[in-house]
Each structure stands twice: as structure tokens, then as C-alpha cells.
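Residue-level structure breakdown
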Amino acid sequence: MAATLANQRFANYSVKDIVRPNILALKPYRCARDDYSSGILLDANENAYGPALNPVSEAAIASSGLDINRYPDPHQHDLKNLIAKFRNIPGPENFFLGVGSDEVIDMIFRVFCVPGKDAVLITPPTYGMYSVCAQINDVEVHKATLTLDGRFQLNVEEIEKQVEAHPNIKVIFLCSPGNPTGSALSHESMRRVLTMPNYKGIVAIDEAYVDFIEADREGSTATWVQEYPNLIVMQTMSKSFGLAGVRLGVAITQPEIALYMNSTKAPYNIASTTSRVAQEALQPKGLEILNKHIAVMIQERSRLLEAFKSISGLGRVLGTNDSNFVLVEVLDKEGKPSNERAFSIYTDMAKSQGLVVRFRGTEIGCEGCLRITVGTPEENDVVIQRLTQQLA
């Protein structure tokens, strides 16, 4: 049924109609490795003598075999094939890889949004980089607030109103599971946004935390890119894979959109070291470790949720708890969410007790809230102890 509706909705849809004219006309930079990648390579002005590293240093040993004096593969087909297999996506033509999800977000702006003319829509409370990238790219931001009932779901009717009122909206950013909400958005609501009859732009679904959704709940939308030509799904290897330091973001989309994004990027944006580590993580042993870590984190998340119920001074845990963090209210003496008390606890724990969490009380619908990442069992013991002491 959903596929039939999508086919009807997109019968005359063309991505070219919403790509910036200068991107359509762009002749991509052709780098040396597009022509030849083997032999005596004297075409890219690389340093044939090798890296200036002490050969017995940790850096030299860690990068051995990578030829880091050479530019990396500009296309990263091997890495894309591994991600495609893991996410059940047809092939490398469906991917754009960036330096973290932040480059993916910025690339969406650069491909689709004309500075000073176009706009995007966000659904607060949400990830702050959408607005930052909008300001950097001189793009207007419109908002359709999530439901403020503690579950943080889409208000599709408000999104429809914003799209109707602002026909220059080119991209709608949805974060599922959300940050700071921790809520996975319902698949039904996201399909409604994707198939809005009067919307001609892109829907970008940010799935940075998708692997923390429990198996019996609605999970990733990545395979939907074969069904919806206006969809970009953003993922990262920073969270569930534990590779925040290598900076690898992923866009999964239809081949035409991926082509525009790849044509616009810098030629060698993914480092050899990043690619090597990511490919290792996608091998069977790496995926075994991934699944083990996710299982432990979900178990520890449940333990924190249960412990918070018995700590006097904590209020509701907000959201649907589908991420690797918990969003919890700090109450004042009258039992009301308190930004003042939450910020005081956040500051004191960081400065005096060596425990750093995140104050999120300034976000709409998050008054008095601390966002607490699920740590190791030992770290979570400290969280429970410190909060109990602070709120005594």
C-alpha cells in the first residue's frame, strides 16, 4: 500500500527541479586517481619519499601499509560496498561519504539550497547543526515543533502548514531517534511527510542513533531510498560503532542525488586511515563486537531508567528512549522542572566531581533536563551515586 502511494506521488518527480542550477552545471574536479591508480605514480605531486615520521613511532606503525604519502581513494567503493551489505542497500552508487554527519548535512545545503533564497524546515527540539549549517549557507530556517507531550513525535499537520506557507522550503530535516529527545519517530508519520502532495523538496532523516532502537520497534528507514526519490538517510559510525575519532558520516539515497553530492565534494575527503578503520569495523568480527556493545548499552540504559525512578528530585524521563542517552528532568523543591537546579548540578558535577553530562534545559520542551550518555557499568554507577548525592 505504501509503495503504491509512493509510486503515484512521484510519477512526475524530478530531482533536477530542486538542485541548485550551478550544481547542475558543475563540471566536477577530475583528480589524478580518476585516471590511474597503479604504476610509477608521478602525476599528483605527492612525496615519493614517504611520510616524515619516525619509523618506530606509534603513528608510523599504526599507518603502516596505508601509503599515507599518497592521496586516498576518491570514490571509496570498497568501503561503500561493505556499508551497502550491512545496511541492505543495492550498491555503492547509493552513497555519499563525508567527514562526519556534519559534512553530509552541509553538503545537502550546498547541493539544494540557494543562499539568500531557499529555506529549510526543522522540528525542534533537535540537533543544532541543522540551524548552524543554515546560517553558514545563508538559508532561512522554519520550524514545526515536535509534540510536547514528553514523547516528541512529529506534528505532521504543522509541517504541512509550514510547507504551504513557505514554498521556498527545499529540505525538511527529521532526526530519528532525536537528539536531545531520544525518540524514534513513527514510520507512519515520516511516510506522511515524504508523500506530502504539495512538497517538492528533499526529506533528510538523520539516523545517527538508529542502532540503539530495540529490535521489536520500528528501526531504520535506509531501505526506503529505493521507494522515495526525495529521501536522504544520514548515518554515522561515531555512535554505535564507537568510531567518533575517525569522522565518517554516511548519506544513503537514490543514485542521482548521490551523484550530485559526490560531484560537489572535495576530491579526497575520506582519509586512508578513516577508510581502513571503518572497513575493519564492518568485518564479521567487528560486527560481532558492535552487536555485543549495543546489547550491553541497551541493558545499561534500562538500568539507568530504573534507577532514576528512585532518586528523589528527578522527574520524568522524556522521550521514548531509543538512543544511547537518557533525557531526565531535575525538579525543584516544589516538584517542578528547574533549569536553575539542573544547571547548578551539571556545573558542580563537571567542575568538582569529574562527571560531565549535558544541560539541555534551554531546548523547547526540555525544561530542567539533563542529557546523560549511557556509559560503562562502572561509569553508570557513578552517575547514579552522584545524582543521588546532588539531589539529597
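Shown above is the structure to which this text applies.
I will try to describe carefully the structure that is included in this document.

Reading guide: rules and limits
All residue numbers here refer to positions counted from 1 along the written sequence of the relevant chain. Reporting in this predicted model follows two pLDDT cut-offs: at least 70 for local features of residues, and 80 or more for side-chain atom pairs to be given and counted; totals over whole chains, interfaces and linings ignore these cut-offs and use all residues. Water and hydrogen atoms were dropped before computing side-chain values, which therefore reflect all heavy atoms in the structure. The way it works is that DSSP assigns letters per residue, a run of H or I at least four long becomes a helix, a run of E at least two long becomes a strand, and they are numbered from the N terminus. Throughout, radius of gyration means the C-alpha value; the globule benchmark is 2.2 Å times the number of residues raised to the power 0.38. Exposure is judged per residue with a 1.4 Å probe applied to protein chains only, and the accessible area is read against the type maximum: over 50% gives exposed, under 20% gives buried, and values in between give partly exposed. Any Lys or Arg side-chain nitrogen found within 4 Å of a carboxyl oxygen on Asp or Glu counts as a salt bridge. Working rule for contacts: check all heavy atoms of both residues, and any pair within 4.5 Å makes them a contact. Here, axes are lines fitted to C-alpha atoms. For helices the fit covers the stretch in contact, and angles between N-to-C directions go from 0 to 180 degrees. Relative orientations are named as follows: roughly parallel for angles under 35 degrees, roughly antiparallel for angles over 145 degrees, roughly perpendicular for angles from 65 to 115 degrees, and oblique for any other angle. Take the far helix as the reference: if the near one is turned anticlockwise from it by less than a right angle, the crossing is left-handed, and if turned clockwise, right-handed. Gly counts as polar in this scheme, as do all residues outside two lists: the nonpolar Ala, Val, Leu, Ile, Met, Phe, Trp, Tyr, Cys and Pro, and the charged Asp, Glu, Lys and Arg. Think of a polar contact as two N or O atoms within 3.5 Å of one another; within protein, one of them needs to be a possible hydrogen donor and the other a possible acceptor, and neighboring residues in sequence only count if both atoms come from side chains. At least two DSSP bridges between two strands are required for those strands to pair.

Details of the overall build of the protein
Scanning the protein for helices and strands turns up 13 helices and 11 strands. Its C-alpha atoms give the protein a radius of gyration of 23 Å, within 12% of the compact-globule value 21 Å for 392 residues. Projected onto its principal axes, the C-alpha positions of the protein cover 70 × 60 × 40 Å. Each of the 392 residues in the protein was classed as buried or not, and the buried ones make up 52%.

A closer look at the pattern of salt bridges
When the charged atoms of two side chains with opposite charge come close together, those side chains can pair. Counted by the stated rule, this structure contains 18 salt bridges. Glu-157 is the salt-bridge partner of Arg-192, the closest N and O atoms lying 3.1 Å from each other. Residue Arg-192 is located in helix H8 (residues 187-194), and its partner Glu-157 is located in helix H7 (residues 156-165); the two are separated by 35 residues in the primary sequence. Where Glu-329 meets Arg-316, a salt bridge forms, and the shortest distance between an N and an O atom there is 2.9 Å. Placement of the pair is Glu-329 in strand S9 (residues 325-330) and Arg-316 in strand S8 (residues 314-318), with a sequence separation of 13 residues. One connected set of salt bridges, linked through shared partners, spans Arg-33, Asp-43, Glu-46 and Arg-70.

A look at the side chain of Ser-63
Considering the arrangement of structural elements, one finds Ser-63 in the loop between helix H3 (58-62) and helix H4 (77-87). In this structure Ser-63 comes out as buried when scored by relative accessible area, which is 10%. Setting aside residues up to four positions removed in sequence, Ser-63 forms contacts with Leu-53, Ile-68 and Arg-276.

Notes on unusual backbone geometry
The phi angle of most residues is negative, glycine excepted, and most peptide bonds adopt the trans form. Across the junction of Ser-176 and Pro-177, the peptide omega takes the value -5°, indicating a cis bond. Here Asn-179 and Pro-180 are connected by a cis peptide whose omega angle stands at 20°. With respect to the helices and strands, the residue Pro-180 is situated in the loop between strand S4 (169-175) and H8. For Asn-88, which is not a glycine, the phi torsion comes out positive at approximately 60°.

Considering the packing of H4 against helix H10 (residues 272-281)
Packing of H4 against H10 brings their axes to within 10 Å, and their N-to-C directions diverge by 30°. Taken as axis vectors, H4 and H10 run roughly parallel relative to one another. Handedness of the H4/H10 crossing: left-handed. Of the residues in H10, those touching H4 at Asp-78, Leu-79 and Leu-82 are Ser-275, Ala-278 and Gln-279. Per-class residue counts for the contact of H4 with H10 are 3 nonpolar, 2 polar and 1 charged.

Quick notes on the environment of Ser-176
Residue position: Ser-176 is located in the loop between S4 and H8. When the C-alpha atoms of Ser-176 and His-187 are compared, they prove to be 9.8 Å apart, with 11 residues separating the residues in sequence. Apart from residues no more than four positions distant in its own chain, Ser-176 is found in contact with Ser-183, Ala-184, Leu-185, Met-190, Ile-205, Asp-206 and Glu-207. Only 2.8 Å separates the side chain of Ser-176 from the backbone nitrogen of Leu-185, close enough to count as a polar contact.

A few points about the pairing of strand S11 (residues 369-373)
Counting buried residues in S11 gives 4 out of 5 residues, a clear majority hidden from the surface. Looking at chain direction, S9 and S11 are connected through 5 bridges and run antiparallel. If you follow Leu-327 over to S11, its bridge partner there is Arg-371. Note that strand S10 (residues 358-359) and S11 share 2 bridges and pair antiparallel. By the bridge assignment for S11, Phe-359 is matched with Leu-370.

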